[in-house]
Amino acid sequence: MDRKQGLSLGRDDIVQLKEAYKWITHPLFSEELGVPVDGKSLFEVSVIFAHPETDEDCHFLSTSCPDCFKPAKNKQSVFTRMAVVKALDKIKEEDFRKKFPCPPNSPKSFCSAVEIECAHGAVFVAGRYNKYSRNLPQTPWIIDGERKLESSVEELISSQLLTVFKAESFNFSSSGREDVDVRTLGNGRPFAVELVNPRRVQFTSRDIKELQQKINISSDKIQVRDLQLVTREAIGHMKEGEEVKTKTYSALVWTDKAIQKKDIEFLDDLKDLQINQKTPLRVLHRRPLAIRTRIIHTMETHYIDEHHFRLHLKTQAGTYIKEFVHGDFGRTKPNIGSLMDGTADILELDVESVDVDWPPALND
Amino acid sequence: MGWYVEFWEQLVVWFDWKLRPPSAAGGGRSHAHEARCARRPPLPRGKAEVRGDLSVGLRSLDLAGAELAMAAGAGGIAPAAPSLVDRYFTRWYKADVKGKPCEDHCILQHSNRICVITLAESHPLLQNGKTIKSINYQISANCSRLQNKVSGKFKRGAQFLTELAPLCRISCSDGEEYTVSSCVRGRLMEVNENILDKPSILQEKPSTEGYIAVVLPKFEESKSVTEGLLTQKEYEEVVVKRINNRSETP
């Protein structure tokens, strides 16, 4: 490189072969097929070409740099991309000019198309779901190949989408999740379904509304709302919700000691109560042992009788509510039992709201 | 010399742990992680999470309404619904641990295989008139259960426990000393530090807040770990027998 004389070519001065290829071929495709060409389209047609003549182009390098091309067990051909790049680095310019003509010779044969594959990039459908069953897991519950509980939230929603979008498979994710025996009320929990290689992607908003109705009619265990097509960035929004946003719950609490209304009033006054939760025993087999500090922002009690009251709470994301009520062997401190200087247990839990304002609400 | 014995003890425990073959139908896989992953069924679509716990966490699912009516009608008597321990755990017992009469232990086994070591109702420490002076987790010169450190999902670094491993020594005001043993093989997750501050919790709530330790058995040994233990029914029979024997001898 002769930088001093300012005559040298930088990397950007040379047009990349694949760019030149696109400039030439795209208009040809466009004319032949009668469609506009989009280099960033989700719909991809991959064509694999074979041309033995071109394959042999680089074989001369093995004579000049034999040590770059050592045969190995796993390699089909000795001429891997890495080996060729290494040899090109090594070879002297004069040797290269001698062995390889510039410009290259015209090929003597045509290349052949070996394989043509069409695929569509994944599309994303988001919404919010309500769960009305206390017997429905989020994901299929299978142990030793045996299904323990019928169906799941993800299957009830995604199977319908899979059919309509004619996709190969799906990936369901949501902004957090609830236990089998917990209902999700209020506006529901945000979710997103990635549909892999869908064969149908054109949907009007009316189509989507109809799809939403179809899902809602198919099951009384779950209901969905705000169903809409979204971009890949969607997943980021949702996961942010899982870690950062607050949730509100309603729990039915049982106490061993007989209580009066005045005995639970103090809970209403506790604001931003800090609790420390060791990893609950019920998940300790699959989670690391740690202590999590969480905030119970507000609580509201409704007296029922001497041994029951309803507790509404607004908490930081990631709080184990059941353990906050029953104390998990004293491993969540403080807990409702310890705050009331007795023993408490949880009879029922409902998620009242998931405070994430995504996906955008639609006027149904 | 003490440290030497201690060292050999730990080495023996370690070898026993590593070399004992898995008894369950895991096909002889020694690595718990592989066993877990290999047991997952092929995923037809989407993601399927294989869970080990069949627990249903709430006290009574659809009976809540009936319970409330019962409670309201009966003037607020506490419902006879399953407690936290009843819901999630199976009670196993070991009587006369280490040959000491009546020093019975109760192992609470969760449906996810985790074991909580507690004292059984018949243990001398839980009888009237006993006052606990101190609880010591330093079981030997080189080993304190309080130093147990566990990291990661696979709980590396945990102290290995065999059935006879001591967890703590409890001293009473009347001079008696009791040793609590693990009764199950596994990794020690934690010991209860709350009872150090307030030993009376152990006597007030032995099955919950007063637990001694949490142990995680090997995945392959999930079922076999309780093989040497008594069921609730068997334990009750042992206790009845004791009472009868006592009443027979003058």
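The written sequence of each chain sets the order in which its residues are numbered from 1. By the order in which they are written, chains take letters starting at A while ligands take numbers starting at 1. Confidence filtering applies because this is a predicted model: local features only for residues at pLDDT of at least 70, side-chain atom pairs given and counted only at 80 or more, and all residues used for totals across whole chains, interfaces and linings. The basis for every side-chain value is the complete set of non-hydrogen atoms in the structure, without hydrogens or water.

- Chain B carries the name Protein Abitram in an unreviewed UniProt entry, which gives Phascolarctos cinereus as its organism.
- We quote the UniProt Sequence similarities (unreviewed entry) comment for chain B here in full: "Belongs to the ABITRAM family."
- UniProt positions are given in the numbering used here, feature names are shortened, and annotations may be inferred rather than shown by experiment. Per UniProt, chain B carries the Subunit (unreviewed entry) text "Interacts with F-actin. Interacts with G-actin."

- By the naming in an unreviewed UniProt entry, chain A goes by tRNA pseudouridine(55) synthase and is assigned to Phascolarctos cinereus.

1. What about the overall build of chain A?
Here is step 1: A run of H or I in DSSP counts as a helix once it spans at least four residues, and a run of E counts as a strand once it spans at least two, with each numbered from the N terminus. Counting its regular elements, chain A contains 11 helices and 14 strands.
Here is step 2: For this measure, only C-alpha atoms enter the radius of gyration; the expected value for a globule follows 2.2 Å times N^0.38, where N is the number of residues. Against the compact-globule benchmark of 21 Å for 364 residues, chain A has a radius of gyration of 31 Å, which places it well outside the compact range.
Here is step 3: Judged by the C-alpha coordinates and their principal axes, chain A covers about 100 × 50 × 45 Å.
Here is step 4: By residue count, 42% of the 364 residues in chain A fall in the buried class.
Here is step 5: Contact criterion: two residues are considered in contact whenever any of their non-hydrogen atoms come within 4.5 Å of each other. Look at the contacts in chain A between residues 6 or more apart in sequence, and 73% of them connect residues 24 or more apart.
Here is step 6: Here chain A holds 52 positive side-chain charges and 56 negative ones, and the gap between their average locations is 4 Å. To sort residues, take the accessible area from a 1.4 Å probe on protein chains only and compare it with the maximum for the residue type: under 20% means buried, over 50% means exposed, and anything in between is partly exposed. When charges are tallied, Lys and Arg are placed among the positive residues and Asp and Glu among the negative ones, while His and the ends of the chain are skipped. A single reference atom marks each charge: NZ on Lys, CZ on Arg, CG on Asp, CD on Glu.

2. Considerations on the side chain of B:Ser122
All names here are of chain B.
Here is step 1: Within the element layout of this structure, Ser122 appears in the loop between strand 3 (115–119) and strand 4 (132–136).
Here is step 2: Ser122 sits in the buried class, given a relative accessible area of 17%.
Here is step 3: A polar side-chain atom of Ser122 sits 2.5 Å from a polar atom in the side chain of Asp104.
Here is step 4: At 2.6 Å, the side chain of Ser122 forms a polar contact with the side chain of Tyr235.
Here is step 5: Excluding residues that lie within four positions of it along the chain, Ser122 makes contacts with Cys102, Asp104, Gln127, Tyr235, Val239 and Arg242. N or O atoms within 3.5 Å of each other form a polar contact, as long as, within protein, one can give a hydrogen and the other can take it, and as long as residues adjacent in sequence are counted only when both atoms are side-chain atoms.

3. Considering the environment of A:Glu168
All names here are of chain A.
Here is step 1: Checked against the element boundaries, Glu168 lands in the loop between helix 6 (153–165) and strand 6 (169–174).
Here is step 2: Sequence separation of Glu168 and Arg199 is 31 residues, and the distance between their C-alpha atoms is 8.6 Å.
Here is step 3: Excluding its chain neighbours within four sequence positions, the residues that come into contact with Glu168 are Leu162, Val196, Asn197 and Arg199.
Here is step 4: A polar side-chain atom of Glu168 sits 3.0 Å from a polar atom in the side chain of Asn197.

4. Overview of a negative patch on the surface
Residue and element names in this part refer to chain B.
Here is step 1: Patch definition: residues with relative accessible area over 30% and no salt bridge; like charges joined within 9 Å; nonpolar side chains (Val, Leu, Ile, Met, Phe, Trp, Tyr) joined within 5 Å. Values of accessible area rely on a 1.4 Å probe in the Shrake-Rupley scheme; residue burial ignores everything except the protein chains shown. Every case where a carboxyl oxygen of Asp or Glu lies within 4 Å of a side-chain nitrogen of Lys or Arg is listed as a salt bridge. On the surface, Glu121, Glu234, Glu236 and Glu237 cluster together to form a negatively charged patch.
Here is step 2: Following the sequence through the fold, Glu234 ends up in helix 7 (residues 232–248).
Here is step 3: Look at Glu234 and you get partly exposed, because its relative accessible area is 36%.

5. Description of the confidence of the model for chain B
All names here are of chain B.
Here is step 1: For chain B, the mean per-residue pLDDT works out to 77, and 67% of the residues sit at or above 70.
Here is step 2: The pLDDT value expresses, per residue, how confident the predictor is, ranging between 0 and 100. Per-element confidence in chain B ranges from a low mean pLDDT of 35 for helix 2 (residues 32–38) to a high of 97 for strand 3.
Here is step 3: Counting contacts from residues 22–57, a segment whose pLDDT is below 50, to residues more than four positions away or on other chains yields 73 contacts.
Here is step 4: Predicted confidence is poor over residues 59–78, with pLDDT under 50, and the contacts of this stretch with residues over four places away or in other chains come to 37 contacts.
Here is step 5: Across the whole predicted complex the pTM is 0.76, and at the interface the ipTM reaches 0.74.

6. So, the sheet that holds strand 4 of chain B
Residues and elements named next belong to chain B.
Here is step 1: Taken in spatial order, the three strands line up as 4-8-9 in an open sheet, and their pairing is antiparallel. Edge positions in the sheet fall to strand 4 and strand 9 (177–181), since each has one partner strand and no second. The mean angle between the axes of side-by-side strands here comes to 20°, regardless of whether they run parallel or antiparallel.
Here is step 2: Two strands are counted as paired when DSSP detects at least two bridges linking them. As defined by bridge partners, strand 8 (residues 166–172) adjoins strand 9 across five bridges and the pair is classed as antiparallel. Looking at the pairing, Ile170 lines up with Tyr178 of strand 9. Here an angle of 0 to 180 degrees is reported between the N-to-C directions of two axes, which are lines fitted to C-alpha atoms, with helices fitted over the stretch in contact.

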